[in-house]
Structure formats: structure tokens, C-alpha cells
Amino acid sequence: MISVQPVIMAGGSGTRLWPLSRAGYPKQFLVLSGNESLFQLAAKRLADLAGSDIQVAAPCIVGNEEHRFLVLDQLREVKLDPSSVLLEPMGRNTAPALTLAALEALEGGKDPVLVVTPADQTVTQPAAFTAALQRAIRVADGGAIAILGITPDRPETGYGYIRTQADAAGLAVAQFVEKPNLDTAKGYLAAGGYYWNSGMFVLRASVWMKALERFRPDIATATRAAWAGRKTDAKFVRPAKAEFGAVPSESVDYAVMERCPGTDLSLRMIPLDAGWNDLGAWEAVWQVADKDAHGNASVGDALIADSENTLVHATSRLVGVVGLKDVVVVETADAVLVSDRARSQEVKQIVNRLGKEQRGEQNLHRKVHRPWGWYDSIDQGERFQVKRIMVKPGASLSLQMHHHRAEHWIVVSGTAEIVNGDKTILLTENQSTYIPLGQTHRLANPGKVPLEIIEVQSGSYLGEDDIVRFEDTYGRS
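Conventions and cut-offs
Residues numbered from 1 in each chain as written. Predicted model: local features only at pLDDT ≥ 70, side-chain atom pairs only at ≥ 80, totals over all residues. Heavy atoms only, no water. Axes fitted to C-alpha atoms, helices over the stretch in contact; angles between N-to-C directions. Helix = DSSP H or I, 4+ residues; strand = E, 2+ residues; numbered from the N terminus. Parallel < 35°, antiparallel > 145°, perpendicular 65-115°, else oblique. Left-handed = near helix turned anticlockwise from the far one by under 90°. Contact = heavy atoms within 4.5 Å. Nonpolar A, V, L, I, M, F, W, Y, C, P; charged D, E, K, R; others polar. Pairing = 2+ DSSP bridges. Salt bridge = Lys/Arg side-chain N within 4 Å of Asp/Glu carboxyl O. Buried < 20%, exposed > 50% of the residue type's maximum accessible area, 1.4 Å probe, protein only. Expected span 1.5 Å × (residues − 1). Polar contact = N/O pair within 3.5 Å; in protein donor to acceptor, adjacent residues only side chain to side chain.

(A) Region of interest: the packing of helix α3 (residues 94-105) against helix α7 (residues 217-228). With their axes 10 Å apart at the nearest point, α3 and α7 run at an angle of 55 degrees to one another. With respect to their mutual orientation, α3 and α7 come out oblique. As for how α3 packs across α7, the hand of that crossing is right-handed. On α7, the residues that touch Pro 96, Thr 99, Leu 100, Leu 103 and Glu 104 of α3 are Ile 219, Thr 223, Arg 224 and Trp 227. Of the residues assigned to the contact of α3 with α7, the class counts are 5 nonpolar, 2 polar and 2 charged.

Below, the structure written as C-alpha cells:
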């Protein structure tokens, strides 16, 4: 039996799908169609890789510390349990992320085949996907590095390419090519032998470490130091923060893969024809969406008239468009994007401006998910803010206080257990309480159904950083 360890890279920020994708809730956790997120779909696809000679372990997730509860919640929804969740204290690109997964896989003398995939891709033909991955696993079991390549069906400028060379064993990787301009992409399509780089790799953990130590020993050494200082908390594994901060930031391609052609390392390309798309920008979302007779695609409450090849994505209200062609319109509760569809990759210019201006729309939605539930900032003005808050059954917020604001809580549904100073009270639907400024307090849901309350804050400063936590279930300070 070939022992396989799936590794899902879930640490991306997905800036090109703003305003739906935010730093605090990036695209891999979004439901773009159907009722499952891209991350959930990726995890389910990898769970189906088992075969007569292939034994598949629970997935290892490599992600951002800030998204740890999103990872667990979304896996729980699809009834999957990870082997571990490796939490990066800061982003260092994919080479260090894969190295963390390889080091864990090698613990206890094991050396499984790693099936490494991003968390933000779509596949419309799962049987073909499974067959290609199983073939790659068998190739990697023999010591080679297998890369999944996509047969191009158009001159795409948003993807990197792999140039292949046929030999007796199939397709060898001759060269990695950067994202081309349009004329070059047309040339690749006409020449044949070029494939889109899917970002999916299959190789033994030991093969990755030997290749990394050969080409980028600085990354290998620094990541080993961070791994040696790791701390484990149930499923969460945290590499040492200071040491991980010293790891050079580099991609898998730049660190290792692009250096392999022409060496004694065997780098094989496995064609993948399974309706693949990496949803890197809104143009790609339009490509895979169901369309009407005029090429228009819509999600949510959208009315489209006299328009062609246009995407409308509405999340919180009715969006109507008239007379558009090749346009993307994306609406959220706090931001709207309108873009030429062909230039949707350039939305990162807007995201960069938001970052420079330190605007909250870069990082968080109006509705913010927390490990205990979520809150939605439904109204605000001078010296007041109104939030709708949902607390999961059995969950609680931290024991906390605020220096600059008081709060009124009104229970809409469910049961609230509230610590208010030295008193603990139970409130049910239509009951309320007042938390004075400076009062120690906590909100918890002791029931078996979600708790919803309306919170009215008033005071001189209403920022989320005006919180002093005394106790917290989720390790926040």
C-alpha cells in the first residue's frame, strides 16, 4: 500500500476576488456556488483518492493563525477531521508552508507521498481528477516529483505554463514559464506541449526536503528551527514565531521546481483534464459559472437587462444592471466593485489602496466571523454602533471590559447567560440588560440553539481594540 498524506495549502489572501474575499475571510472559505466553500470542496476531493493500492490519511491543513477556527468549522460541516492544522504566524509563501507539512509527515520515521493542493480551485469532473491524482501518486511512489498540468483551451495570460518533453516514460518537465503576454500565450497554444501550471504537486516528503536542502538550504534550515520550537494545542500546531519570521519567503516553484529541469531529479508532468479552474480573479469565476443565452451569469438577487457576457454577484440586496457588456459587478454589504471583466485581475490595485489608507474594507466584511459565532455591524454614527450578534450553542465570548463604551443587550432568540459585574443572569427572548462602561462582563450561550442578540454600543470610542480580556476560551489576548 502507498501511504498518502493530503496537504491543503489554505493560507492565501485572495485579494483579486475583493470585495467578496477579504484578509479576514479569504476566497478559499467562500461559497461561490452551491453550498460548499472552495476549501471544503478541496478537502472532499482529496478524501476520495483511496484505491486498491493507495491508503489516504486525514488531511494536513497549512493555514494562517487568524483562520484556525474557520478551518475547523468548515471541515466539521462536511464531516471531515484533519490530521493536524499547521498555523503560520505570518505568511511566508508556499515553500516554507510545504516544508512544515513535510517535516510533520516525516515524524516517527514515516515518509508518505504528499498530495499538495491549493484550497481555492474548482474541479467539475471529480472522477477524472481522482484518476489523474492516483496516477501521480504512483509516479511519486517511485521517487519522482509529479506535477499536475492543465491542457490549455485558450491563450490565458493569468497562469504560469509548463513546457514538456515527451519521452519513453511519458511527459518530462523541460521548463517552467512565467505568465506570458497575449501574443506569447497564443504561440504556446499553437506550438503544443505547453500546459497551465495547476500548483498541485505530488512527491514524497523526503524528496521535498532533499530537493529544498539542495537548492535552498537557507529555507530548510530556518524552517527546521521553527519546527523544532513548535507548540501543539489539540489539532493546532504552531511553529516558533520568531524563528518562522526569519524564514525566507519563497514559492514552491521558485525555491525548487524551476531548478529541477536539467538535474538528476525526475520531474514528471501528469495531464489533468477535469474541468479545473483556480478562480484567481472574477474573470475566472465568470468562466466556470452557469450562463444564460447571452453569456450572463448571476448569483443572488440580480436583474440583468440588455447585457452580454456580464457577471453580477449580489450578496445583500437587489442589483440591477442594464446595457453592460463584459463587465463584473460584485456587491457586498459595505462595498461594490464594477470592473471590465478582462481587467478583473487588476482589482488588487484597489486592495492596495485600501491598505495604504488603512481602511477596514480590506480586511473584514461588515459581518465578521469569530470562533464563537459572528457579528454584523448594522448601523453606526457619532458615539453609537448597533450590532447583530450570533453565539453558537455552548460557545462564549471572553470575560472582558471596555474603557470607552457601554453596551445594551437585547435577546432576539435563544437563551443568554450573562456575567455582568458580580452577577450572573439568564435572559430569554425580548429581555435585555445594560453593561456600564468599565464593567467586567461575558456573553455565553448555554442552550442547544443559536443565540441572537442586538447590541447597542455608546461611548467616546467604539473600536474593536477597546477590549481588555481577562479569560478567553480561544487563546486571544
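From this point, the discussion proceeds with the structure in view.
(B) A look at the sheet that holds strand β21 (residues 367-370). Spatial strand order, β21-β22-β23-β30-β25-β28: 6 strands in an open sheet with antiparallel pairing. Edge positions in the sheet fall to β21 and β28 (432-435), since each of these pairs with one other strand and no more. Averaged over all pairs of adjacent strands, the angle between strand axes in this sheet comes to 20 degrees, irrespective of strand direction. Here β21 runs beside strand β22 (residues 373-381); their pairing, made up of 4 bridges, is antiparallel. When the sheet's bridge partners are listed, Lys 367 is paired in β22 with Asp 376.

(C) Looking closely at unusual backbone geometry. Residues Trp 18 and Pro 19 are joined by a peptide bond in cis, for which omega reads 10 degrees. Among the secondary structure elements, Pro 19 is positioned in the loop between β1 (2-9) and α1 (38-47). Positive phi, normally seen in glycine, also occurs at Lys 79, with a value near 60 degrees. When you line up the elements, Lys 79 lands in the loop between α2 (68-77) and β4 (84-88).

(D) Inspection of the pattern of salt bridges at higher detail. All chains considered together, the criterion is met by 30 salt bridges. Across the pair Glu 250 and Arg 216 runs a salt bridge, and its minimum N-O distance is 3.2 Å. Taken together, the residues Glu 250 in the loop between α8 (241-245) and α9 (252-255) and Arg 216 in the loop between α6 (205-215) and α7 connect sequence positions 34 residues apart. The same class applies to Glu 250 and to Arg 216, which are both buried. Ionic pairing is found between Lys 387 and Glu 464, a salt bridge with its closest N-O pair at 2.3 Å. One end of the pair, Lys 387, is in strand β23 (residues 384-391); the other, Glu 464, is in the loop between β30 (451-459) and β31 (468-471), and 77 residues separate them in sequence. The exposure class of Glu 464 is partly exposed, given its relative accessible area of 33%. Sharing partners across several salt bridges, the network here consists of Glu 65, Arg 68, Asp 233 and Arg 238.

(E) Here's a closer look at the packing of α6 against α7. Two elements in contact, α6 and α7, have axes separated by 5 Å at closest approach and are oriented at 120 degrees. In terms of axis orientation, α6 runs oblique to α7. Between α6 and α7, the contacting residues are Met 209, Leu 212, Glu 213, Arg 214 and Phe 215 on the first element and Pro 217, Ile 219, Ala 220 and Arg 224 on the second. Residue composition of the contact of α6 with α7, by class: 6 nonpolar, no polar and 3 charged.

(F) Geometry of α3. Spanning 12 residues, α3 covers 16 Å between terminal C-alpha atoms, matching the ideal 16 Å at 1.5 Å per step. Along α3, 11 of the 12 residues are buried, which leaves the element largely enclosed by surrounding structure. Buried within α3 are the following residues: Ala 95, Pro 96, Ala 97, Leu 98, Thr 99, Leu 100, Ala 101, Ala 102, Leu 103, Glu 104 and Ala 105.

(G) Structural view of the side chain of Asn 445. Structurally, the position occupied by Asn 445 is in the loop between β29 (441-444) and β30. Here the side chain of Asn 445 touches Val 391 through a polar contact of 3.0 Å, landing on its backbone oxygen. A polar contact is formed between the side chain of Asn 445 and the backbone nitrogen of Gly 447, at a distance of 2.9 Å. Contacts of Asn 445, omitting those with residues within four sequence positions, involve Val 391, Lys 392, Pro 393, Gly 394, Ala 395, Thr 415, Pro 450 and Leu 451.

(H) Focus on the sheet that holds strand β17 (residues 311-314). What the 4 strands build is an open sheet, ordered β15-β17-β19-β20; its pairing is mixed. Both outer strands of the open sheet, β15 (297-299) and β20 (336-340), are each paired with one neighbouring strand and no more. Pairwise comparison of adjacent strand axes, ignoring direction, gives a mean angle of 5 degrees for this sheet. In terms of strand pairing, β17 meets strand β19 (residues 327-331) through 4 bridges, oriented parallel. Note on β19: the bridge partner recorded for His 313 is Val 330.

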